[in-house]
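For reference, the chains in residue letters:
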Amino acid sequence: MTRACRGSLPSNEVMSKDRDKRQLPSASQPPAANEAGVSAGLSGQLIVPAEMLARAGIWPGHEVVIEATSNGLRIAPDSLRKVHIEVTSHCNLDCLMCVRHSWQEPLGSMPLARFERFVDGLATETGPRAAVAFSGFGEPLVHPEWQEMMRLARRRGHPVELITNGLLLDAAAARTLVDVGVGQITVSVDGGDDEAYMRMRGVPAAGALAAVHHLLEARRYTRQRIAVGIAALATRSTVTSLPALLDWATDLRLDFVSIGNVVPHTEEMAAETLWERASWVSAFHQTSWRPQLRVGRFDMEDATLPLAAALAERGLTYPSPSLDEARWRNRCRFAHEGMCAVSWEGRVSPCLSLLHSHAEFINNQARRVHEHVAGHVDDRRLTEIWRDPAFRAFRERVRTFDFPACFHCGGCPLTETNREDCYNNPAPVCGECLWAQNIVLCP
Ligand code: SF4
Ligand code: SF4
Ligand code: SF4
C-alpha cells in the first residue's frame, strides 16, 4: 500500500508533507546531490532540476502527488493530460458487445459551440496542453463537424488522437486526419478473419482493414509523426483468429496493437470472457494446496510450449502475476495518468467506465454501474472541474486504491451496483472495476 500526499510547485522544488524530521540530516549538513542533480533536502525538501521535472511532465505551478512506495518515492503530476471526448454517441455500427445496448438514455451529438467551450476550458498558462482523444461510446467520424472540431483543438495547441471503427475512414478522410495533424489513430479491428470480425461487428472486416491502409498511405506524404495502430478485443469465439491479426499488423509495420478484453454488458458476452482465472490467480500467490509459482522469462518456441501449457493449466495468466504486479492490478490509468472523459452532453466523468450508467455481468452477477459526474463543461472550465476538491479527493482515493478486492472476492449483494462496498467507501466504488485490473484496456 502506498501513501500519497499532495504538493504544488511554486518553482522546481518538490515538497513532502509527510516528512519525518527524526530521519533527516541536521540543518547544518549540506544537501547530498546525486549524479542527476537531485538534492536530498534538509527539512523534507527535494530540489529537482527543472528539465528533469519537465521530462516527467511536471511544470512550475502544477500540482504533484508524492507516494512513498517500497521502491522509494514516486512523484507524478496531477495535471490533466488527456481528455476522452465523446463528440457523438451515434454510430454507423451495431456491434454485439456495444455498451449502448445496456443504456437507457437518448443518443446525441455535441454541438460545435459546446466543443469550443470545452476546448476553451482546457487552456492553461504553463506546461503542455492536454491531449484531446476523440473516442467515447459512438463513432466520432459520424459527427458532421469532426473536421472543424479537430482543427479547432489543433489551433489551440492540443495534441489530437482518434479511436474509430474505421468504416468511414476513406482515402479523403485519411488525408484530412494527416493534414489536421492528428498524432495517434487507433482503428478497432476485432478479429483476424472475416468470420470473427463479423461475429463482433456484424459487417465484413474489409472496411476497417482498408482504413488502416488509407492511413498508412496518407502518412507517407508527411514528415509529421503519426502513430497508427489497431485495438482488438479477445473473446472466446474470436481469440483463435488474433494470431493472424498480429501477423497482418507486423507485416504492415503498425505502431501498436492493443489486445484487451470485452466488458460484458449482456449474459451472452459474459459467456465470451477470457479472464475468469485472472480474477483469482493474481490475488492468491501461495496457498496450502499449490506452491508459489515464480517464472523467469523464457522464449516462446516449440520447445517451451509444453511448459507454457503446463503453466497455463495451473492458472497463470498473461501477463504473469509474477511480473511487476503494481502495473497490472489495482491501477487506474485515468487517475494515474491524468485522464478524464466528457460525454456529448458535456458531462465530465473521471473515466470512460463512469461516463454512462450501464449494465455489466461480472463473476456471474448482474451489476449496474452508475455514472459519476464531476461537473459540466457548460458551467465551468474543465481545468476548474479537474481541481475541484471532490474530484481531487476521488482521484486520490482511486490512486491509493483503498477498495476491497471485490473483483477477486467474487461478488456479494453490495456489488450489484458501484454505490457501496464493505469498506463503507462513498460512491462510486471501484473494487470490481475491470479497467483497474487491466482486464479492459484504454488505448
Ligand atoms: S463501433 Fe463502438 S460505438 Fe459503434 S456500435 Fe461498435 S462498439 Fe458501439
Ligand atoms: S478504477 Fe475504474 S471506475 Fe474507478 S475511476 Fe478508474 S476506471 Fe473509473
Ligand atoms: S464488497 Fe466486500 S464482501 Fe462484497 S464482494 Fe466486495 S470485497 Fe467481497
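Just so it is clear, the model here is predicted, and its values are computed rather than measured.

Undergrad: Is there a simple way to explain the overall build of the protein chain in this structure?
TA: Broken down by element type, the protein chain carries 14 helices and 18 strands. Counting every position in the protein chain, which comprises 443 residues, the buried fraction comes to 34%. For the protein chain, the share of sequence-separated contacts (at least 6 apart) that also reach a separation of at least 24 residues comes to 69%.

Undergrad: Hey, could you run me through helix α3 (residues 146-155) in this one?
TA: Along α3, the positions that sit buried rather than exposed are W146, M149, M150, L152 and A153. An end-on view of α3 places all buried positions within 160 degrees of arc, on one side of the element. Each element contacted by the buried residues of α3 is listed here: α2 (112-120), β9 (131-134), β10 (160-164) and α4 (171-180). Positive backbone phi, approximately 90 degrees, marks G157, located one or two places after α3.

Undergrad: Looking at this model, I keep getting lost on the site of ligand 1. Mind explaining?
TA: Around ligand 1 sit C91, L93, D94, C95, C98, R100, F137, G138, E139 and N165, and that is every residue in its neighbourhood. For the shell around ligand 1, the class distribution of residues is five nonpolar, two polar and three charged.

Undergrad: Would you take a moment to explain the packing of α4 against helix α6 (residues 206-219) for this structure?
TA: Axis angle and axis distance: for two packed helices, these are the angle between their axes and the distance between the axes, and together they describe the pair. With their axes 8 Å apart at the nearest point, α4 and α6 run at an angle of 45 degrees to one another. Classified by the angle between their axes, α4 and α6 sit oblique to one another. Considering how the two elements wind past one another, α4 and α6 form a crossing that is right-handed. Between α4 and α6, the contacting residues are A171, A174, R175 and V178 on the first element and H214, L215, E217, A218 and R219 on the second. For the contact of α4 with α6, the class distribution of residues is five nonpolar, one polar and three charged.

Undergrad: I tried to follow the site of ligand 2 on my own but got confused; where do I start?
TA: Around ligand 2, a shell composed of C332, F334, A335, P350, C351, S353, L354, V398, C430, C433, W435 and A436 is seen. For the shell around ligand 2, the class distribution of residues is 11 nonpolar, one polar and no charged.

Undergrad: I keep staring at α6 and nothing clicks. Help me out?
TA: Structural remark: α-helix, 3.6 residues per turn; residues separated by three or four positions point the same way. Look at α6: 20 Å from first C-alpha to last across 14 residues, which is about the 20 Å you get at 1.5 Å a residue. Taken residue by residue, α6 has A208, A211, V212, H214, L215, A218 and R219 as its buried positions. Each buried residue of α6 sits inside an arc of 160 degrees when the element is viewed along its axis, so together they form one side. The exposed set on the far side of α6, more than 90 degrees from its buried face, consists of A206 and H213. The inward-facing, buried residues of α6 abut α4, β11 (184-188) and β12 (227-234).

Undergrad: Before we go on, may I ask you to explain the sheet that holds β9 in this structure?
TA: Taking strand neighbours across the sheet as the criterion, the nine strands line up as β13-β12-β11-β10-β9-β8-β14-β15-β18 in an open arrangement whose pairing is mixed. With partners counted over all chains shown, the strands left at the sheet margins are β13 (256-261) and β18 (375-376), one partner each. Where β12 and β13 come together, six bridges link them in parallel fashion. Bridge pairing links L233 to G260 in β13.

Undergrad: Explanation requested: the confidence of the model for the protein chain in the structure shown.
TA: Detailed reading of the predicted coordinates is not advisable wherever pLDDT is low. For the protein chain, the average pLDDT comes to 85, and 83% of its residues sit at 70 or higher. Contacts of residues 7-33 to residues separated by more than four positions or lying in other chains number 51 contacts, the stretch itself having pLDDT below 50.

Undergrad: Which parts of the structure should I look at to understand the pairing of β11?
TA: A regular strand places its side chains so that they alternate between the two faces of the sheet. With four of five residues buried, β11 lies mostly within the body of the structure. Strand direction decides the pairing type here: β10 and β11, joined by four bridges, are parallel. What sits directly across from I163, in β11, is T186. Remark: the β10/α4/β11 crossover connection has right-handed handedness. Bridge analysis of β11 against β12 gives five bridges, and the strand direction is parallel. Within the sheet, the bridge partner assigned to I185 lies in β12 and is V228.

Undergrad: Would you take a moment to explain the environment of K82 for this structure?
TA: Mapped onto the secondary structure, K82 falls in strand β8 (residues 82-85). For K82, a count of 21 C-beta atoms within 10 Å puts it in the buried group. Residues K82 and R129 lie 47 residues apart in sequence; the distance between their C-alpha atoms is 8.8 Å. Those residues in contact with K82 that sit more than four places away from it in its chain are A130, A131, A133, G338 and M339.

Undergrad: Looking at this structure, how should I read the environment of I385?
TA: If you trace the backbone, I385 turns up in helix α12 (residues 382-387). By C-beta crowding, I385 is classed as buried, having 21 other C-beta atoms within 10 Å. Taking the C-alpha atoms as reference points, I385 and A374, separated by 11 residues in sequence, lie 6.8 Å from one another.

Conventions adopted
- Residues numbered from 1 in each chain as written.
- Chains lettered and ligands numbered in written order.
- Predicted model: local features only at pLDDT ≥ 70, side-chain atom pairs only at ≥ 80, totals over all residues.
- Helix = DSSP H or I, 4+ residues; strand = E, 2+ residues; numbered from the N terminus.
- Buried ≥ 20, exposed ≤ 12 C-beta atoms within 10 Å, placed from the backbone.
- Contact = placed C-beta atoms within 7 Å.
- Arc of directions from axis to C-beta.
- Near = placed C-beta within 6 Å.
- Nonpolar A, V, L, I, M, F, W, Y, C, P; charged D, E, K, R; others polar.
- Axes fitted to C-alpha atoms, helices over the stretch in contact; angles between N-to-C directions.
- Parallel < 35°, antiparallel > 145°, perpendicular 65-115°, else oblique.
- Left-handed = near helix turned anticlockwise from the far one by under 90°.
- Expected span 1.5 Å × (residues − 1).
- Pairing = 2+ DSSP bridges.
- pLDDT = per-residue confidence, 0-100.
- Right-handed = clockwise from strand over helix to strand, strands pointing away.

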